[in-house]
Amino acid sequence: MTTLSSGFARARRWLRDHPLAFDAALALGSLVAMICGSFADPGTGHGPTFGTRTPEPFSVLLMVLASVALVLRRRRPMAVLATTGALSATEYILMDPPAPVVMGTVIALYTVASRTDRPTTWRVGLLTMGALTAASMFFGSTPWYSQENLGVFAWTGMAGAAGDAVRSRRAFVDAIRERAERAERTREEEARRRVAEERLRIARDLHDVVAHHIALVNVQAGVAAHVMDKRPDQAKEALGHVRDASRSALNELRVTVGLLRQQGDPEAPTEPAPGLAVLGELVGTFRNAGLPVEVACSDHGNRLPAAVDLAAYRVIQEALTNVRKHAGAGAKAEVSVVRVGATAEVTVLDNGRGSAGRRPGSAADDLDSGGHGLVGMRERVTALGGALTAGPRYGGGFRVHAILPVEARTGEPERPGTAGGTGLRR
């Protein structure tokens, strides 16, 4: 049974790949059926009888022409229908009793109905049915209500209906296949979009970690080199700060890069992301680097969502890093985090002067120097549905102000280990 079914499947695939061969075989089969049917006499008593009549040569010629026309039924369906219809009408008008040349018209009408639209099927089908039925009724020797005449009407009508049903099912299957392909493309595009967003988020985290800690390491290393000969104790203290900053950078890089591990890796990070709960440690690193920082936070006992808490921490980290790098000697910074209704406002101010003409660390300077500090902050805040402004202050200094919604925007991915809001320590 399996061998038989596989043989049928192979034959079906071959015929689908060679439609002209299938049409030629169909034309030959219809010719054999028409010639066999032309030997049958309908009779009047107990059904048709075979061998009581023979087809006329002219009828055989019409049957051959109708079969030959069927070979081209896929390429020229309307022309084949017109040809077979004309041959069938000629048979009904000139020959009595007529040979079943109409079988070719039935096949041609089915082809037209299965390969065109429904309005065309109705128009062409009704015209064919009416013309052939009228020819058989008015030019035949049998009464108009005989079963042969009604059979012409029934067979042509069923051919049109069957072809229309096949066309409808084919369109239905094509629509399902097209929807499945579109859904697959949509899933792939969504996956690519999510991957791009995740890469951008990880890139922002890497920039924040590296820029902050490397800037501190650079400052402390410079201090150590400057006082190495005259004040070795202070140089030793500065090198200790370098060691602590580099260790923190390595730990945060390990956590961030660990997000790229495969699912199920036992070494995947489980520590929470940094937040305002460890803001004191962050400020302490800047104070150790020689930047005076004052902090003012309003705490009403409500924790921020994890994504908002992380964004606020990163904004403060990047802003203070820019102050330490660009504000100049003697600069001071002020940090405030205030809960205002449904938003949290983060502000970082400094009184530094920087270079003349424009303040380094601005968005324009980021673009000129290849940096992404303020651009990354703005992208992080905008991703949560907030807003960030940064620019020089009147009278000198620089101001970074971020407004973050208390509820993160729908669809913002959670960081591993951040469930539960702020208050967790790494």
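Residues numbered from 1 in each chain as written. Predicted model: local features only at pLDDT ≥ 70, side-chain atom pairs only at ≥ 80, totals over all residues. Heavy atoms only, no water.

Helix and strand content of the protein: twelve helices and seven strands. The buried share among the 426 residues of the protein stands at 38%. When contacts within the protein are restricted to residue pairs at least 6 apart in sequence, those whose partners lie at least 24 apart make up 68%. As presented, the protein carries roughly 24200 Å² of accessible surface, and 61% of it is formed by carbon and sulfur atoms. (Helix = DSSP H or I, 4+ residues; strand = E, 2+ residues; numbered from the N terminus. Buried < 20%, exposed > 50% of the residue type's maximum accessible area, 1.4 Å probe, protein only. Contact = heavy atoms within 4.5 Å. Areas by Shrake-Rupley, 256 points an atom, 1.4 Å probe, with all protein chains shown as cover.)

So, on to the nonpolar core. Generally speaking, soluble globular proteins have nonpolar side chains that are buried together. Core analysis: the biggest nonpolar cluster contains 35 residues, and Val293, Val315, Ile316, Leu320, Val346, Val400 and Leu404 have the highest contact counts within it. Taken together, the elements giving at least two residues each to this core come down to helix H9 (279–288), helix H10 (306–326), strand S4 (333–340), strand S5 (343–350), helix H12 (373–383) and strand S7 (398–405). A per-element tally of this core places H10 first, with ten residues. Contact partners of Leu320, with chain neighbours within four places excluded, come to Phe286, Leu291, Val293, Ala333, Val335 and Val348. Judged by nonpolar contacts, the second largest core, of twelve residues, contains Ala27, Leu70, Leu81 and Ala159. (Core = buried A, V, L, I, M, F, W, Y, C linked by side-chain atoms within 4.5 Å.)

What follows concerns the packing of H9 against H10. Following both chains from N to C, one finds H9 and H10 inclined at 5°, their axes separated by 11 Å at the closest point. Considering the angle they form, H9 stands roughly parallel to H10. Here H9 contributes Leu279, Leu282 and Phe286 to the contact with H10, which in turn contributes Tyr313, Ile316, Gln317, Leu320, Thr321 and Arg324. (Axes fitted to C-alpha atoms, helices over the stretch in contact; angles between N-to-C directions. Parallel < 35°, antiparallel > 145°, perpendicular 65-115°, else oblique.)

This paragraph deals with the sheet that holds S4. Across the sheet, five strands lie side by side as S3-S4-S5-S7-S6; this open sheet has mixed pairing. The sheet terminates laterally at strand S3 (293–297) and strand S6 (387–392), the two strands that pair on one side only. Taken over all neighbouring pairs, the strand axes of this sheet differ in orientation by 10° on average, direction set aside. Taken together, the six bridges between S6 and S7 define a ladder with antiparallel strand orientation. By the bridge assignment, Pro392 is partnered in S7 with Phe398. (Pairing = 2+ DSSP bridges.)

Next up on the list: H9. Listed in full, the buried residues belonging to H9 are Leu279, Leu282, Val283 and Phe286. For H9, the angular spread of buried residues about the axis comes to 95°, placing them on one side. Once H9 finishes, Gly290 follows within two positions and takes phi at roughly 95°, a positive value. (Arc of directions from axis to C-beta.)

Right, let's get into a positive patch on the surface. A cluster of basic side chains, namely Arg10, Arg12, Arg13 and Arg16, defines a positive patch on the protein surface. If you trace the backbone, Arg12 turns up in helix H1 (residues 2–17). (Patch = residues over 30% accessible without salt bridge, like charges linked within 9 Å, V, L, I, M, F, W, Y side chains within 5 Å. Salt bridge = Lys/Arg side-chain N within 4 Å of Asp/Glu carboxyl O. Lys, Arg positive; Asp, Glu negative; His and termini not counted. Charge placed at Lys NZ, Arg CZ, Asp CG, Glu CD.)

A few words now on the environment of Ala238. Turning to its location among the elements, Ala238 is positioned in helix H8 (residues 232–258). Taking relative accessible area as the criterion, Ala238 reaches 3% and is therefore assigned buried. Distance from Ala238 to Asn288, taken between C-alpha atoms, is 8.3 Å for residues 50 residues apart in sequence.

Our focus in this paragraph is H10. With 21 residues, H10 should cover 30 Å at 1.5 Å per step; its first-to-last C-alpha distance of 30 Å lies within 8% of that length. For H10, the buried fraction is high: 18 of the 21 residues fall into the buried class. (Expected span 1.5 Å × (residues − 1).)

Time to look at the pattern of salt bridges. Going through the model one piece at a time under the given rule, you end up with eight salt bridges. We note a salt bridge from Arg187 to Glu184, for which the minimum N-O separation is 2.4 Å. Here Arg187 and its partner Glu184 are both found in helix H7 (residues 147–227), three residues apart, which amounts to about one turn of the helix. When the shortest N-O distance is used, the salt bridge between Glu190 and Arg193 registers 2.4 Å.

Right, let's talk about the confidence of the model for the protein for a bit. Confidence in the prediction of the protein, expressed as mean pLDDT, is 77, and 75% of residues score 70 or more. This model gives residues 355–371 a pLDDT under 50, and the stretch forms 29 contacts once residues within four places in sequence are excluded. Long-range and interchain partners of residues 409–426, a stretch whose pLDDT sits below 50, account for 45 contacts in this model, where long-range means more than four residues apart. (pLDDT = per-residue confidence, 0-100.)

Before going further, it helps to examine a nonpolar patch on the surface. A cluster of nonpolar side chains, Phe58, Leu61, Leu65, Ile93, Leu94, Phe138 and Phe139, forms an exposed patch at the surface whose accessible area comes to about 710 Å². The dominant element in the nonpolar patch, judged by the number of residues it contributes, is helix H3 (residues 57–70), at three residues.

Looking at the element boundaries, Arg73 is found in the loop between H3 and helix H4 (77–94). Looking at Arg73, its side chain comes within polar contact range of the side chain of Asp23, at 3.0 Å. If we ignore the near neighbours within four places in the chain, the residues touching Arg73 are Phe22, Asp23, Leu26, Val80, Ile107 and Thr111. (Polar contact = N/O pair within 3.5 Å; in protein donor to acceptor, adjacent residues only side chain to side chain.)

This part takes up the pairing of S5. Residues in a regular strand project their side chains so that they alternate between the two faces of the sheet. Within S5, six of the eight residues are buried, leaving the element largely enclosed by the surrounding structure. Of the pairings in the sheet, the one linking S4 to S5 comprises eight bridges and is antiparallel in character. Within S5, the position partnered with Ala333 by the bridge is Asp350. Between S4 and S5, which follow one another and run antiparallel, lie two residues, and Gly341 among them has a positive phi close to 60°.

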